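Here's the letter readout for the chains.
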Amino acid sequence: MEILFNMNVTPIYPASSPQYIAQATTILKQEEVIVFPTETVYGLGGDATSDIAVAKIYALKNRPTFNPLIIHVATLAAAEKLAMFSADAKKLAKLFWPGPLTLVLPRQPDCPVSLLACAGQSTIALRIPKHPAALELIRLFGKPIAAPSANKSGKISPTQAIDVAQDFEGQIPFILDGGACLIGLESTIIDLSTSQPTILRQGGITQEQLEAVIPLSSLNSSLIKAPGMMKSHYAPTLPVRLDVTHINAGEGLLAFGPVPQKLKQAKLIYNLSEAGNLTEAAANFFKGLRLLDQPDQLQQIAVMSIPHCGLGRAINDRLQRAAAERN
Ligand code: TXA
Ligand code: MG
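As the structure is a prediction and not an experimental result, all values here were calculated from the model.

**Student:** Whenever I open this one, the pairing of strand 10 (residues 198–201) confuses me. Can you help?
**Tutor:** Relative to strand 10, strand 9 (residues 188–191) runs antiparallel, the two sharing 3 bridges. Looking across to strand 10, one finds that Ile-189 is bridged to Arg-201. If you look at the hairpin formed by strand 9 and strand 10, you'll find 6 residues sitting between the two strands.

Written out as structure tokens, the structure reads:
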């Protein structure tokens, strides 16, 4: 069956409706890409075993092909067909899956996932997402789904269906709307393919949660990069200034906790969490950055400092990349 799309209509469909999940799997079987919700951010998904579908993901995102994709599965048994699990890997999977943790593991010799999706490496990044619609989609499709965040390479990640529709206007035939992402930051990536487990990207599972379970490499994880962790990433159109203690003319403020009197002069203020709660701030982070990214109204985004612990590590990682000199 050929599905025809009218690209003039915003192609957003409620993920709560089984008929739309079924329609999404039909499109995946045609080696086309769709957008689906996860608990972290929205994903741009394609059949992970199809070089054609994977190539379409790279092209749509404008992503360099040396930057591998995360492969999403619905069960630990399915994951074990794709990668070799060490005892530590099993322990972490059992504790944190489904959830915002991605494990980098050696590929099984007969792993059917496209080598292009893994950027030709002998490792594979796997996760089981927690959003019920994502799980249902993967189960119904019956194959692993390759999915990077559904944003153009280097730009702000999407935490609502409408973000994706705006960023990819007319380019994506089908967006499953599963509401606002509960975690709001990407998964934590941990490399277990070497003898020293190392965090490659801070994310929705905190370093503290991981350290309570397995010893982590003492190497400074901020120096070690997943192949795609560019210095500039998550970049709004406007420049970003961090740890502000005063406001310059034309600045909007991304606030955290109570706002000191002198920062209230900002033209526009978005508070990530008035109560200073890092979980709430994480969930609001990309939304807040998008709301303040208004070049016709503002000249710069000023950001209050955010504690460097728990989910604050992942928020600060993204802030530093948003503020970095652009590639
Ligand atoms: O929360 C998430 O992880 C979201 C949702 C959609 O699941 N996905 C996501 O994908 O953030 P993406 O493509 O935006 O980020 C994937 C990161 C990249 O930095 C990439 O370099 C790294 O994962 N990665 C993928 N495979 C890898 C591998 N084999 N070794 C090391 N890093 C890998
Ligand atoms: Mg991304």
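**Student:** Help me out: how do you make sense of the packing of aromatic side chains in this one?
**Tutor:** Between two aromatic rings, the relevant description is the distance of the centres plus the angle of the planes. Under the defined criterion, the tally for this structure stands at 5 aromatic pairs. Relative to Tyr-20, the ring of Tyr-13 has its centre 5.1 Å away and its plane inclined at 35°; by these criteria the two rings are tilted. Here Tyr-13 falls in the partly exposed class, since its relative accessible area comes to 22%. Through successive ring pairs, a cluster of aromatic residues spans Tyr-13, Tyr-20 and Phe-174.

**Student:** For this particular structure, what's the right way to read the pairing of strand 6 (residues 123–127)?
**Tutor:** Regular strands show a simple pattern: their side chains alternate between the two faces of the sheet. Within strand 6, 5 of the 5 residues are buried, leaving the element largely enclosed by the surrounding structure. With 3 bridges joining them, strand 4 (residues 70–72) and strand 6 adopt parallel strand pairing. Of the residues in strand 6, the one forming a bridge with His-72 is Arg-127. As paired elements, strand 5 (residues 101–106) and strand 6 share 4 bridges and run antiparallel to each other. Bridge pairing links Leu-105 to Ile-124 in strand 6.

**Student:** Before we go on, may I ask you to explain the domain arrangement of the protein chain in this structure?
**Tutor:** In many reports, interface size means the accessible area that the parts give up when they come together. Taken as a whole, the protein chain is organised into domain 1 (5–211) and domain 2 (240–323). Between the C-alpha centres of domain 1 and domain 2 there is a distance of 28 Å. Taken together, the 20 residues of domain 1 in the interface contact 15 residues of domain 2. Broken down residue by residue, the surface that domain 1 buries against domain 2 is led by Ile-156, Leu-185 and Gln-202, which jointly contribute 40%. Taken together, domain 1 and domain 2 are joined by 4 salt bridges. In this structure, Arg-318 engages Glu-186 in a salt bridge whose closest nitrogen and oxygen atoms are separated by 3.0 Å. For the interface between domain 1 and domain 2, the tally reads 8 residue pairs in polar contact (both at pLDDT 80 or more). Taken together, the elements giving at least two residues each to the side of domain 1 that touches domain 2 come down to helix 6 (161–167) and helix 7 (207–211).

**Student:** Would you take a moment to explain the packing of helix 1 (residues 18–29) against helix 5 (residues 132–141) for this structure?
**Tutor:** Any two packed helices are characterised by the angle at which their axes cross and by the distance between the axes. Contact geometry of helix 1 with helix 5 gives a least axis separation of 9 Å together with a crossing angle of 50°. If you check the angle between helix 1 and helix 5, you find them oblique. As helix 1 packs across helix 5, the resulting crossing turns out to be right-handed. Facing Ile-21, Ala-22, Ala-24, Thr-25, Leu-28 and Lys-29 of helix 1, the residues of helix 5 in contact are Ala-133, Glu-136, Leu-137, Leu-140 and Phe-141. Its residues placed into classes, the contact of helix 1 with helix 5 shows 8 nonpolar, 1 polar and 2 charged.

**Student:** Sorry, what's going on with the site of ligand 1 here?
**Tutor:** Neighbouring ligand 1 are 26 residues, the closest being Thr-40, Arg-63, Asn-67, His-72 and Ser-187. Ser-149 places a polar side-chain atom, nitrogen or oxygen, 2.9 Å from an oxygen atom of ligand 1. When isolated, ligand 1 has an accessible area of 680 Å², and the protein chains bury 97% of it. Those elements that place two or more of their residues in the shell around ligand 1 are strand 4, strand 6 and strand 10. Considering every element that reaches the shell around ligand 1, the biggest residue donor is strand 6, with 3 residues. Among the residues making up the shell around ligand 1, the classes are represented as 13 nonpolar, 9 polar and 4 charged.

The rules behind the values
- Sequence positions are assigned chain by chain, starting from 1 and proceeding in written order.
- A letter from A marks each chain and a number from 1 marks each ligand, given out in the order of writing.
- Local features in this predicted model are restricted to residues of pLDDT 70 or higher, and side-chain atom pairs are both shown and tallied only at a pLDDT of 80 or more, whereas totals for entire chains, interfaces and linings draw on every residue.
- The basis for the side-chain values is all heavy atoms of the structure; hydrogens and waters are excluded.
- Note on pairing: two strands pair once DSSP finds at least 2 bridges between them.
- Strands are runs of DSSP state E lasting at least two residues, helices are runs of H or I lasting at least four, and both sets are numbered from the N terminus onward.
- Centres within 6.5 Å make a pair out of two Phe, Tyr or Trp rings, where for Trp the six-membered ring is used; the pair is then stacked when the planes are under 30 degrees apart, edge-to-face when over 60, and tilted otherwise.
- Buried, partly exposed and exposed residues are distinguished by accessible area as a fraction of the type maximum, computed with a 1.4 Å probe on protein chains only: under 20%, between the cut-offs, and over 50%, respectively.
- Either an automatic procedure or a domain database provided the assignment from which the domain bounds are taken.
- The contact criterion used throughout is that any non-hydrogen atoms of two residues lie within 4.5 Å.
- By buried area we mean how much accessible surface two parts lose on assembly, using a 1.4 Å probe and totalling the loss over both.
- Counted as salt bridges are all cases of a side-chain nitrogen of Lys or Arg within 4 Å of a carboxyl oxygen of Asp or Glu.
- Think of a polar contact as two N or O atoms within 3.5 Å of one another; within protein, one of them needs to be a possible hydrogen donor and the other a possible acceptor, and neighboring residues in sequence only count if both atoms come from side chains.
- Comment: axis = line fitted to C-alpha atoms, over the contacting stretch for helices; angle = value between 0 and 180 degrees taken between N-to-C directions.
- Under this scheme an angle from 65 to 115 degrees is roughly perpendicular, one under 35 degrees roughly parallel, and one over 145 degrees roughly antiparallel; angles in between are oblique.
- The hand of a helix crossing depends on one turn: near helix anticlockwise from the far one by less than a right angle means left-handed, and clockwise means right-handed.
- Think of it as three bins: nonpolar holds Ala, Val, Leu, Ile, Met, Phe, Trp, Tyr, Cys and Pro, charged holds Asp, Glu, Lys and Arg, and polar takes everything else, Gly as well.
- Working definition: residue near molecule or strand if any one of its non-hydrogen atoms lies within 4 Å of it.
- Per-residue and other accessible areas follow the Shrake-Rupley method at a 1.4 Å probe size, with only the shown protein chains counted as cover for residues.

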